[in-house]
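# Descriptive structure summary
Single-letter residue listing:
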Amino acid sequence: MEIANVPVAEAEPEKREHCKTEDKNDAMGGNMQGEEYAYLDATGFTSELFKIEVRNLPKYYGIGELKKLLNVKMKLSTNKIKIMKPGSPFIFICFRNQEDREAAIKSLDGFKWKGKELSAFEAKPAPDPLIRRRKEASAAEGEPLNVKRRTVEASATSLAYLSYEEQLKQKQSEMENVLQKFAKELWNSIPTLRSYVEKQRKDHGGLPCAFEPIRPSPLTDGYRNKCEFSIGKDAQGVKRVGFRVGSYSNGFLEVESIVHLKHIPDCMKQTVTLFEEFVQASTLEVYSAETYQGHFRQLTVRMSHATRQVMVVVGVHLQSLSEEEQKAMKASIVECLTSEPGKKAGICSIYFEVIQKRQQGQYINPIEHLYGDTHIEDKILNLSFRISPQAFFQINTPAAEVLYQCAIDVAAPDKNTSILDICCGTGTIGLCFAKHCKQVLGVDIVDQAIEDAKHNAERNGVENCKFYAGNSDDLIMSLIRNANVMSEQQESLIAIVDPPRAGLHIRSITQLRNARGLNKLVYVSCSPQSAIKNWVDLMRPCSKQLRGEPFVAKKAMAVDLFPHTPHTELVILFERDMETETVTAPDPVCDEKVNLEPPAAIEDTH
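Chains are numbered independently. Their residues run from 1 in the order of the written sequence. Per-residue local features are limited, in this predicted model, to residues with pLDDT of at least 70; the limit for side-chain atom pairs, both in listing and counting, is 80 or more; totals at the level of whole chains, interfaces and linings are taken over all residues. Side-chain figures throughout are based on the complete set of non-hydrogen atoms in the structure, without hydrogens or water.

Labels follow the DSSP assignment, with helices taken as runs of H or I lasting at least four residues and strands as runs of E lasting at least two, numbered in each case from the N terminus. When its secondary structure is counted, the chain shows 16 helices and 23 strands. Here the term buried applies to any residue with accessible area under 20% of the maximum for its type, exposed to any over 50%, and partly exposed to those in between, with areas from a 1.4 Å probe on protein chains only. Within the chain, the fraction of its 606 residues that count as buried is 53%. Residue exposure ignores everything except the shown protein chains as possible cover, and the areas themselves are Shrake-Rupley values with a 1.4 Å probe. Here the chain has roughly 27,200 Å² of accessible surface; of this, 50% comes from carbon and sulfur atoms.

Here you go:
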């Protein structure tokens, strides 16, 4: 999955929302003094006033199941859940009023979840981190304490100072460290596997499985086909379109130029320069994370390596702009981006995105097509793919070819193989597998991505792929039923999973483990550190929840999709011993009733 452009997380207190509250000081149990708490008295509402802390959480839990516990099972009216890190034993939960906060404390304090008795109590509002850092800087007569200001090059391309050969050596070593950590976790959490782990370590130089040399990216400079640029001001107060070099929490909000960054293609740099000049000339202000005022917030640019098309998505906060003012803004954006410099950059598609606080169940912001093509196209392994403005597509197209070919090689499907493409996105992996197997069944939670996947199948004349919109946690068993694999006819089933950075939910892991006839699984991870828990769960012994025979890690290989950055994709092949697999019925708890169409080929309309 895609990696953020600048590896610095923004964290800011929620200062203003849509409703108001009375007597803030009484609600938070006492008067808070000082600039760091001034936002509490600002006009508007902040859920920081009604925050609780919950402690003694279980070691393993997912944010999805936690939200389900709080909002569905316990029917608590949460406004925001703040997790310190994945698996943290404590969290903060914010509410909209004192009544909801008190009800939550009453319900959660002493509640038993996953063998742990929770404790819940009121928590004080968080101080404004930006003001806190500025006070530290003033006291120290310089930079905020313990925070070193980084250049945009160091933030976005921290390995660019090394030769590419040295970058690959470092990444190979880092992935070896991840696999060693994986082996250590297996040893600590699954005592019955200790003899196996020791044998694997002995055979593979301390690693839990064979590890092949890292595959380099065919293109090292200008490879990114998508970037999300921030719009703000630099240290001198000049309006900029580029990358933020700090975060709200460390006291730096400056946006710096990206013109010297190696991984951004020239067409994107030209587009950014053009739009930066437009923003600087505009009477409308850039958005401020400190005041929540201003309009221009973000510029997303996508490009195609195959066609050189450029798509631009302008993200704005409408604030109090009238309909006429909005119409004028959109017209001026189109006029700017379709000018001669815009044509030279390759801009052929323009969208307008309204950035706003998302409601529950809303995954994307409202977006409006303003000009030109509605999609752009790129190619992977001689297949054409339609890319919509908000769909996922690997950000390094040439290296994606290497990654997908590695997945095909390690999976080794044949004409009797059915492929489950979990988190399929626009169908890139599944369609690349299609000519090597009997059929592909894909699922993704983003409706637009599934529409793109279906179009891509038709566009390429691929008739053995079927794609479904929905949560993979709910649909895996239904996909397996639709695959209709007949083992007596030497048919096989292979799962390809390419999840978001956080990995798969335990429910998906459970269904994959319990799936009858699924003896091979290829796990593609863009965040290997985060995926270790998934890998361990795949290898756990049989239990009431994980009733299918465990998988075993057989082979791993790294692919560099992100030159000049520390990020690496890791592919691991897991297999089950087909001779000893215990065939069990699907778990009725997991096997939800989901209406899917029966297996059918997609007709070629071209």
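What follows picks up the thread again.
Now for the sheet that holds strand 12 (residues 310–316). Pairs of strands are assigned from DSSP output, requiring at least two bridges between the strands. An order of 10-9-8-11-12-13-14 is seen for the seven strands of this open sheet, with the pairing classed as mixed. The two strands at the open ends of the sheet, each matched to only one other strand, are strand 10 (255–256) and strand 14 (367–372). As judged from the seven bridges shared by strand 11 (residues 296–303) and strand 12, these two strands associate in the antiparallel manner. When the sheet's bridge partners are listed, Thr-300 is paired in strand 12 with Val-313. Lying on the sheet, helix 8 (residues 266–281) is in contact with strand 8 (226–233), strand 9 (239–244), strand 11, strand 12 and strand 13 (347–354); it crosses strand 11 at an angle near 155°. Each of strand 11, strand 12, strand 13 and strand 14 is contacted by helix 9 (residues 323–337), which is oriented at about 155° to strand 13, the strand it contacts most. Residues count as neighbours in contact if any of their non-hydrogen atoms are within 4.5 Å of one another. Geometry is summarised by axes, namely lines fitted to C-alpha atoms with helices restricted to the contacting stretch, and by angles between N-to-C directions that run from 0 to 180 degrees.

If you check UniProt for "binding site: S-adenosyl-L-methionine" (unreviewed entry), the listed places come out as Gln-394, Asp-444 and Asp-498 in our numbering. If sequence neighbours within four positions are ignored, Asp-444 has contacts with Cys-423, Cys-424, Gly-425, Ala-449, Ile-450, Tyr-468, Ala-469 and Gly-470. Relative to the helices and strands, Asp-498 resides in the loop between strand 20 (492–497) and helix 15 (506–514). UniProt positions are given in the numbering used here, feature names are shortened, and annotations may be inferred rather than shown by experiment.

Moving on: the sheet that holds strand 6 (residues 119–123). One open sheet holds the four strands; their spatial order is 2-3-1-6, and the pairing between them is antiparallel. The open sheet has two edge strands with one neighbour each: strand 2 (78–83) and strand 6. The sheet shows a mean angle of 25° between the axes of neighbouring strands, taken without regard to direction. Relative to strand 3 (residues 91–95), strand 2 runs antiparallel, the two being bridged by five bridges. Its bridge partner being in strand 3, Thr-78 is matched across the sheet by Phe-95. Taken strand by strand, helix 2 (residues 63–73) contacts strand 2 and strand 3, and its axis lies near 145° from that of strand 2. Against the sheet, helix 3 (residues 98–108) touches strand 1 (51–55), strand 3 and strand 6, its axis set at about 155° to strand 6.

Attention shifts here to the environment of Pro-213. Note that Pro-213 resides in strand 7 (residues 210–215). Sequence separation between Pro-213 and Ala-556 is 343 residues; the distance between their C-alpha atoms is 9.3 Å.

The next subject is the pattern of salt bridges. Whenever Lys or Arg places a side-chain nitrogen within 4 Å of a carboxyl oxygen from Asp or Glu, that contact is recorded as a salt bridge. Under the criterion given, the structure shown has 20 salt bridges. A salt bridge links Asp-560 to Lys-171; the shortest N-O distance between them is 2.6 Å. With Asp-560 in the loop between strand 22 (552–559) and strand 23 (569–575) and Lys-171 in helix 6 (residues 164–189), the pair connects residues that are 389 residues apart, well separated along the chain. Note that Glu-276 is salt-bridged to Arg-240, the shortest N-O span being 3.2 Å.

Right, let's talk about the packing of helix 6 against helix 16 (residues 528–539) for a bit. Direction vectors running N to C along helix 6 and helix 16 enclose 40°, while the axes themselves pass 10 Å from each other. When the axis of helix 6 is compared with that of helix 16, the two are oblique. For the pair helix 6 and helix 16, the crossing hand works out as right-handed. Contact residues: helix 6 offers Met-175, Val-178, Lys-181, Phe-182, Glu-185, Leu-186 and Ser-189, while helix 16 offers Pro-528, Gln-529, Ile-532, Trp-535, Val-536 and Met-539. Polar here means any residue other than Ala, Val, Leu, Ile, Met, Phe, Trp, Tyr, Cys and Pro, which are nonpolar, and Asp, Glu, Lys and Arg, which are charged; Gly is therefore polar. Looking at side-chain class alone, the contact of helix 6 with helix 16 contains nine nonpolar, two polar and two charged residues. By the definition adopted for this analysis, an angle is roughly parallel if under 35 degrees, roughly antiparallel if over 145, roughly perpendicular if from 65 to 115, and oblique otherwise. Crossing handedness: left-handed means the near helix sits turned counterclockwise from the far one by under a right angle, and right-handed means the same turn made clockwise.

Turning to the nonpolar core, a few remarks are in order. Here the nonpolar core consists of buried residues drawn from Ala, Val, Leu, Ile, Met, Phe, Trp, Tyr and Cys, with membership extended through side-chain atoms lying within 4.5 Å. Counting 50 residues, the largest nonpolar core has Phe-182, Ile-422, Leu-521, Tyr-523, Trp-535 and Phe-574 as the members making the most contacts within it. With eight residues, the top contributor of residues to this core is helix 6. Not counting chain neighbours up to four residues away, the residues in contact with Phe-182 comprise Pro-208, Ile-532, Trp-535, Val-536, Met-539, Ala-553 and Phe-574. In terms of nonpolar packing, the next biggest core, distinct from the first, is built from 46 residues, Val-313, Ile-387, Ala-399 and Ile-494 among them.

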